[in-house]
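Per-entry structural report
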Amino acid sequence: MASFSNLPIACNDHRVSIIGGGKVGSTLAHRIAQKNLANVVLLDVVEGMPQGIALDLMQAQGLDYHNREIKGTNDYADTASSDIVVITAGIPRKPGMNRDDLIKINAKIVVEVAQKAIVHSPDALYIVVTNPLDVMTYLAWQTTGLPTNRVMGMAGVLDSARFQTFIAMELGVSVTDVRALVIGSHGDSMVPLPRYSTVGGIPITELMDAETIKRLSDRTRNGGAEIVSLMRTGGAYTAPASAACSMVEAILHNQSRVLPAAAYLQGEYGLNDIFIGVPTRLGCRGIETVIELDLTDTERAALHESAESVRQNIELAWAMLGNN
Ligand code: TXD
């Protein structure tokens, strides 16, 4: 009788835990497994839901040609010793809900989740996805007490991918030849940088007039809202999951990729004690470098304005948490 019992078992598999098994979390789990990057633990407060999603994803294993384990759970003990913890838990903004309501609810969730996750994965890198992104990343960093290079927020990769897509659509060129860069907070005040966005190496400022660039920049800033208004029942999750997956891959494969992320600033760009979107070098140690670009006065002023809104919301979040 044939036997496999003596075959060596694969060792040292990476583990990524995703806290929040909703649209972004479950899609990210699928991406990570499909790309054979790591075993995935999907955790949610809703009982049975992450287990069901995990079973569904496991049943696609043979069709997707990967052999990664995806485990659904409600128990943080299952997330132990993760290499990366991705936080997507929270609620998306609903019609009639103002920004303060969202901050209050998600701040409580992110603090609770970070407190529980760090107990089991003190050596992990943490990627925050929950909105309002830059504020939640700050809270996760404060809560975990980790060094700044090990906590980051995902938004710049997504916002830049949106800008990249709109540029390619406008010019009728392959998206693979377009590089786009968006910095600042993940919100209305994000800062697309046309001077640092190129097609085949050519800055888009040489390929489009100012009016067209403004139209594409505005559409990028409104990228999430445009999708919400079309879908009505929810927001974007495919591109957000792909964006988070590219950060996971950069870390696990130690790629030293140059990607925008919400990173902690200590004087760079004239900003201090804040997480906000800037270009970084991302590898196995997390944020290895914050890359400081030469900005024009207008670009710098826009970044500072963006940072001011993040700062106000951090204060608001702490005040709300303190009042509860
Ligand atoms: O670029 C970006 N950063 C973003 C951010 C792009 C897209 C989505 N963005 C934000 O991510 C969005 O505004 C939300 O704040 C999060 C998650 O979005 P998603 O679309 O996945 O929301 P869902 O489908 O509502 O999933 C959230 C899950 C849901 O299953 C809840 O039960 C769970 O979070 N949840 C929790 N899990 C664990 N622990 C706690 N306390 C908890 N509370 C809610």
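Everything numeric here is computed off the predicted structure, so don't read it as measured data.

Comments concerning the packing of aromatic side chains
Under the defined criterion, the tally for this structure stands at five aromatic pairs. For the ring pair Trp141 and Tyr264, a centre distance of 4.5 Å and an interplane angle of 40° mean the geometry is tilted. Separated by 123 residues along the polypeptide, Trp141 in helix H5 (residues 133-144) and Tyr264 in strand E12 (residues 257-266) bring together distant segments of the chain. A residue is classified by how much of its surface remains accessible, and Trp141, at 13% relative accessible area, is buried. For Tyr264, a relative accessible area of 13% corresponds to the buried category. These aromatic residues form a ring-pair network of at least three members: Tyr138, Trp141, Tyr264 and Phe275.

Some thoughts on the domain arrangement of the protein
Taken domain by domain, the protein consists of domain 1 (15-153) and domain 2 (156-321). Taking only C-alpha atoms into account, the centre of domain 1 sits 21 Å from that of domain 2. If you look at the interface, domain 1 gives 37 residues, while domain 2 gives 41 residues. Carbon and sulfur atoms make up 74% of the area that domain 1 and domain 2 hide from each other, which totals about 3400 Å². For the domain 1 face of the interface with domain 2, the top three residues by lost area are Leu37, Asp134 and Tyr138, together amounting to 19%. Taken together, the links from domain 1 to domain 2 amount to one salt bridge. Lys35 is the partner of Glu249 in a salt bridge, and the nearest nitrogen-oxygen pair spans 2.9 Å. Our count for the contact surface shared by domain 1 and domain 2 stands at seven residue pairs in polar contact (both at pLDDT 80 or more).

Considering the pairing of strand E4 (residues 84-87)
Burial along E4 is two-sided: Ile84 and Val86 and Val85 and Ile87, pointing in opposite directions, are all buried. Direction of pairing for strand E1 (residues 15-19) relative to E4: parallel, over a ladder of four bridges. When the sheet's bridge partners are listed, Ser17 is paired in E4 with Val85. Strand direction decides the pairing type here: E4 and strand E5 (residues 125-128), joined by four bridges, are parallel. Residue pairing for E5: Val85 is matched across the bridge by Tyr126.

So, the pattern of salt bridges
What the rule picks out here adds up to 10 salt bridges. Measuring nitrogen to oxygen at the nearest pair gives 2.9 Å for the salt bridge that ties Arg195 to Glu299. Placement of Arg195 in the loop between strand E9 (191-192) and strand E10 (198-199) and of Glu299 in helix H10 (residues 297-322) is noted, with a sequence separation of 104 residues between them. Looking at Arg195, the relative accessible area reads 37%, which means it is partly exposed.

Focus: the packing of helix H6 (residues 156-171) against helix H7 (residues 210-221)
H7 packs onto H6 with a crossing angle of 140° between their chain directions and a minimal axis gap of 9 Å. Viewed along their axes, H6 and H7 adopt a mutual orientation that is oblique. Our pair here, H6 against H7, has a crossing hand that is right-handed. When H6 is examined against H7, the residues Asp159, Arg162, Phe163, Phe166, Ile167, Met169 and Glu170 are found in contact with a partner set consisting of Thr212, Arg215, Leu216, Ser217, Arg219 and Thr220.

Looking at helix H2 (residues 49-58)
Among all positions of H2, only Pro50, Ala54 and Leu57 are buried. With its buried residues spanning 65° around the axis, H2 presents them on a single face. In H2, the exposed positions angled more than 90 degrees off the buried face are occupied by Leu55 and Asp56. Residues of H2 that are buried make contact with helix H1 (23-34), strand E2 (39-43), helix H3 (61-64) and strand E3 (70-73).

A short note on the site of the ligand
Close contacts around the ligand come from 28 residues, with Lys23, Val24, Asp44, Val129 and Met154 the closest. Within the contact set of the ligand, an oxygen atom lies 3.1 Å away from a side-chain nitrogen or oxygen of Asn131. In the complex, 86% of the free accessible area of the ligand, which totals 860 Å², lies under the protein chains. Among the elements that line the shell around the ligand, the one with the most residues is helix H4 (residues 99-120), at four residues.

The rules we used
- Residues numbered from 1 in each chain as written.
- Predicted model: local features only at pLDDT ≥ 70, side-chain atom pairs only at ≥ 80, totals over all residues.
- Heavy atoms only, no water.
- Phe/Tyr/Trp six-rings, centres within 6.5 Å; stacked < 30°, edge-to-face > 60°.
- Helix = DSSP H or I, 4+ residues; strand = E, 2+ residues; numbered from the N terminus.
- Buried < 20%, exposed > 50% of the residue type's maximum accessible area, 1.4 Å probe, protein only.
- Domains from an automatic or database assignment.
- Contact = heavy atoms within 4.5 Å.
- Buried area = accessible area lost by both parts, 1.4 Å probe.
- Salt bridge = Lys/Arg side-chain N within 4 Å of Asp/Glu carboxyl O.
- Polar contact = N/O pair within 3.5 Å; in protein donor to acceptor, adjacent residues only side chain to side chain.
- Pairing = 2+ DSSP bridges.
- Axes fitted to C-alpha atoms, helices over the stretch in contact; angles between N-to-C directions.
- Parallel < 35°, antiparallel > 145°, perpendicular 65-115°, else oblique.
- Left-handed = near helix turned anticlockwise from the far one by under 90°.
- Arc of directions from axis to C-beta.
- Near = heavy atom within 4 Å.
- Areas by Shrake-Rupley, 256 points an atom, 1.4 Å probe, with all protein chains shown as cover.

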